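An overview of the molecular structure
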Number of protein chains: 2
Amino acid sequence: MAINYPNGKKFNPSKEPVKKKEKKDFSFSNRGKTLEDELNETNDYYLQLGHAVIHKKPVPVQIVKVEYPSRSAAVIREAYFRTPSTTDYNGVWNGRYIDFEAKETENKTSFPLKNIHEHQIHHMAQVVEQNGLAFMIIRFSSLQRYFLMRFESLQVFWDRMITGGRKSITLKEIEETSIEITPGAYPRIDYLSSLHKL
Amino acid sequence: MAINYPNGKKFNPSKEPVKKKEKKDFSFSNRGKTLEDELNETNDYYLQLGHAVIHKKPVPVQIVKVEYPSRSAAVIREAYFRTPSTTDYNGVWNGRYIDFEAKETENKTSFPLKNIHEHQIHHMAQVVEQNGLAFMIIRFSSLQRYFLMRFESLQVFWDRMITGGRKSITLKEIEETSIEITPGAYPRIDYLSSLHKL
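Keep in mind it's a predicted model, so treat the numbers as computed, not measured.

**Quick word on the overall build of chain A**
When helices and strands are tallied, chain A shows 6 helices and 10 strands. Each of the 198 residues in chain A was classed as buried or not, and the buried ones make up 46%. Counted over contacts in chain A with a minimum sequence separation of 6, partners at least 24 positions apart contribute 62%. Carbon and sulfur atoms form 51% of the exposed surface of chain A, whose accessible area is close to 10,800 Å².

**Considerations on the UniProt feature "site: Transition state stabilizer" (unreviewed entry) in chain A**
All names here are of chain A. Residues annotated by UniProt as "site: Transition state stabilizer" (unreviewed entry) correspond here to K103. Looking at the element boundaries, K103 is found in strand 5 (residues 96–105). Excluding anything up to four places from it in sequence, K103 contacts L35, F111, N115, I116, Q120, M136, I137, I138 and R139. Polar side-chain contacts of K103 include one of 3.0 Å to the backbone oxygen of N115.

**Section: the UniProt feature "binding site: Mg(2+)" (unreviewed entry) in chain A**
UniProt's entry tags A:T86, A:D88, A:E101 and A:Q120 with the feature "binding site: Mg(2+)" (unreviewed entry), counted in the numbering of this structure. For the annotated residues, spread through 35 residues, the largest C-alpha to C-alpha distance comes to 9.3 Å, consistent with a single compact locus. The topology assignment puts A:T86 in the loop between strand 3 (75–81) and strand 4 (89–93). Apart from residues lying up to four places away in sequence, A:T86 is in contact with A:K57, A:E101, A:Q120, A:H123 and B:H55. A polar contact of 3.0 Å, which involves the side chain of A:T86, links it to the side chain of A:K57.

**Some words on the packing of aromatic side chains**
The tally for this structure, following the rule as stated, stands at 15 aromatic pairs over all chains. With centroids separated by 4.9 Å and ring planes inclined at 55°, the aromatic side chains of A:F100 and A:Y191 adopt a geometry described as tilted. Of this pair, A:F100 sits in strand 5 while A:Y191 sits in helix 6 (residues 191–197), placing them 91 residues apart in sequence. Judged by centre distance (6.2 Å) and plane angle (65°), the rings of B:Y45 and B:Y46 are edge-to-face. For B:Y45, a relative accessible area of 21% puts it in the partly exposed group. In this structure B:Y46 comes out as buried when scored by relative accessible area, which is 2%. An aromatic cluster of at least three residues, connected via ring pairs, comprises A:Y45, A:Y46, A:Y89, A:F100, A:F135 and A:Y191.

**Points about the interface of chain B and chain A**
Taken together, the 46 residues of chain B in the interface contact 46 residues of chain A. Here chain B packs against chain A, burying approximately 3,900 Å² in sum over the two surfaces, 63% of which is carbon and sulfur. Contact with chain A buries area across many residues of chain B, yet B:I76, B:Y80 and B:Q130 alone supply 17% of it, more than any other trio. Counting the contacts that link chain B with chain A gives 0 salt bridges. Taken together, chain B and chain A are joined by 12 residue pairs in polar contact (both at pLDDT 80 or more). Elements with a minimum of two residues in the side of chain B that touches chain A: strand 1 (53–56), strand 2 (61–67), strand 3 (75–81), strand 4 (89–93), strand 5 (96–105) and helix 3 (118–129) of chain B. Examining the composition of the side of chain B that touches chain A, we find that 7 residues originate from one element, strand 3 of chain B, more than from any other.

**Points about the pattern of salt bridges**
Within the structure shown, the criterion is met by 22 salt bridges over all chains. B:R188 is the salt-bridge partner of B:E38, the closest N and O atoms lying 2.7 Å from each other. Within this pair, whereas B:E38 is found in helix 2 (residues 35–48), its partner B:R188 is found in the loop between strand 10 (179–181) and helix 6 (191–197), the two being separated by 150 residues in sequence. In this pair, the class of B:E38 matches that of B:R188, namely buried. Connected through shared salt-bridge partners, A:E38, A:E104, A:R139 and A:R188 make up one network.

**With respect to the relation of the copies chain B and chain A**
Superposing chain B onto chain A requires a rotation of 180° together with a translation of 0.0 Å along the rotation axis, leaving an RMSD of 0.0 Å. Seen this way, the second copy is the image of the first under a two-fold rotation axis. In this assembly the copies share their binding face: 98% of the residues contributing to the interface of chain B also contribute to that of chain A.

**Considering the pairing of strand 5 of chain A**
Residues and elements named next belong to chain A. For strand 5, the buried fraction is high: 8 of the 10 residues fall into the buried class. As judged from the 5 bridges shared by strand 4 and strand 5, these two strands associate in the antiparallel manner. Looking at the pairing, W93 lines up with R96 of strand 5. Hairpin connection between strand 4 and strand 5: a loop of 2 residues separates the two successive antiparallel strands, and N94 in this loop has a positive phi of roughly 50°. Strand direction decides the pairing type here: strand 5 and strand 7 (residues 133–140), joined by 8 bridges, are parallel. Within the sheet, the bridge partner assigned to E104 lies in strand 7 and is R139.

**Quick word on the environment of B:V59**
If you trace the backbone, B:V59 turns up in the loop between strand 1 and strand 2. Given the relative accessible area of 39%, B:V59 is considered partly exposed.

**Considering unusual backbone geometry**
Residue A:P187 is reached from A:Y186 by a cis peptide bond, and omega for that bond is -5°. We note that A:Q144 has phi near 55°; this positive angle belongs to a residue other than glycine. Note on A:Q144: relative accessible area 39%, which makes it partly exposed. Located in the positive-phi region is B:N131, a residue other than glycine, with phi close to 65°.

Reading the values: rules and limits
- Numbering of residues begins from 1 in every chain and follows the order in which that chain's sequence is written.
- Each chain takes a letter, starting from A, and each ligand takes a number, starting from 1, following the order in which they are written.
- Reporting in this predicted model follows two pLDDT cut-offs: at least 70 for local features of residues, and 80 or more for side-chain atom pairs to be given and counted; totals over whole chains, interfaces and linings ignore these cut-offs and use all residues.
- Side-chain figures throughout are based on the complete set of non-hydrogen atoms in the structure, without hydrogens or water.
- Helix and strand definitions follow DSSP, with helices as H or I runs of at least four residues and strands as E runs of at least two, each counted in order from the N terminus.
- For every residue, the accessible area (1.4 Å probe, protein chains only) is compared with the maximum for its type, and the residue is labelled buried under 20%, exposed over 50%, or partly exposed between those bounds.
- Throughout, a residue-residue contact means that at least one pair of heavy atoms, one from each residue, lies within 4.5 Å.
- Computed with the Shrake-Rupley method and a 1.4 Å probe, the accessible areas treat only the protein chains shown as cover for residues.
- UniProt positions are given in the numbering used here, feature names are shortened, and annotations may be inferred rather than shown by experiment.
- Whenever a nitrogen or oxygen atom comes within 3.5 Å of another N or O atom, the pair is scored as a polar contact, on the condition that within protein one atom can donate a hydrogen and the other can accept it, and that pairs from neighbouring residues in sequence are kept only if both atoms are in side chains.
- Paired rings are identified among Phe, Tyr and Trp, the last through its six-membered ring, by centres lying within 6.5 Å, and are further divided according to the angle between planes into stacked (under 30 degrees), edge-to-face (over 60) and tilted (the rest).
- Note on terms: buried area is the combined drop in 1.4 Å-probe accessible area of two parts once they are placed together, counting the loss on both.
- One speaks of a salt bridge when a side-chain nitrogen belonging to Lys or Arg is within 4 Å of a carboxyl oxygen belonging to Asp or Glu.
- Least squares is the method for superposing the copies, and the C-alpha atoms it fits come from residues with pLDDT of at least 70 in both.
- Two strands form a pair only when DSSP identifies at least two bridges running between them.

What follows is the structure in structure tokens.
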């Protein structure tokens, strides 16, 4: 039996992610997209064209209780979000190991470092130690500006914070230490071209 | 209120994975461990010693319903397992991108290819195309034997199957095309040393 919800809509337990259909007019259609949507599109583009194999990792959850209804898929009935121990995205680009975290802020003048977990910093440091490429992609959503900051720069601002300095990176500092990515149509956020420049 | 279960035990909704405590006597303690346990231990070892940064990806789940009890962590109340689109493990080893799938079988004479998804084969082919290292680690659990098979060999057996040939790889074929890994104490399954040999 379908359950009627207070808003009159029926609850639809779809197994597939519900994707909003977007128009192909890129001047307008990208408004309202999350940075994750934009990066997934970009990674799909890189994959289709054979430029790189980069995927977002699944959200880590701790599964506690699973039901096995007969003749249906197993249903997870109790689970909790876990703190990620690594960054969200990784993969390979022409033999090079790529590893990054993507963050957006509504702020207009600075990027708050509370968006990043300490173990993600630790993870990126380990990646650089292994000669991998580690970086952060920052979106200033209100400004529609995107930056790629290498981990080596991020670490300087992180160290400043943990030694008692400011808890954010100013936009000016980001402009001085990062590569700005101009969003486009295909690919949406061409961060690999920006890596080339570095 | 705690609920009494038929077996007399109370259900313990722990948020942390329940890990079996293992004795440190490696001649016996590894019996009963899954291949995943063994590889996680190995990857921890590599990470601690700075040899490589390789992690297992979280299990992909499609989250449908989340509750937010006041003053507690969010609880996922309905979610489904999704088919993974990539392999389970990836990371970086001295600048090289590493990507592999781990499978165990109770069979004694062959490894059934039904254990592998077609899109995992496709993913590994894309990784090799990008000059990454892709392979499969196979454990014959009854025999306590471990093998590392490069994707390039796996693909030959996969292609044989999809063109109408046998649906498994014989142990003899695996012996001829793979590197056998002798399990040890630290690290448990030293697959990076085996990669060196290839």
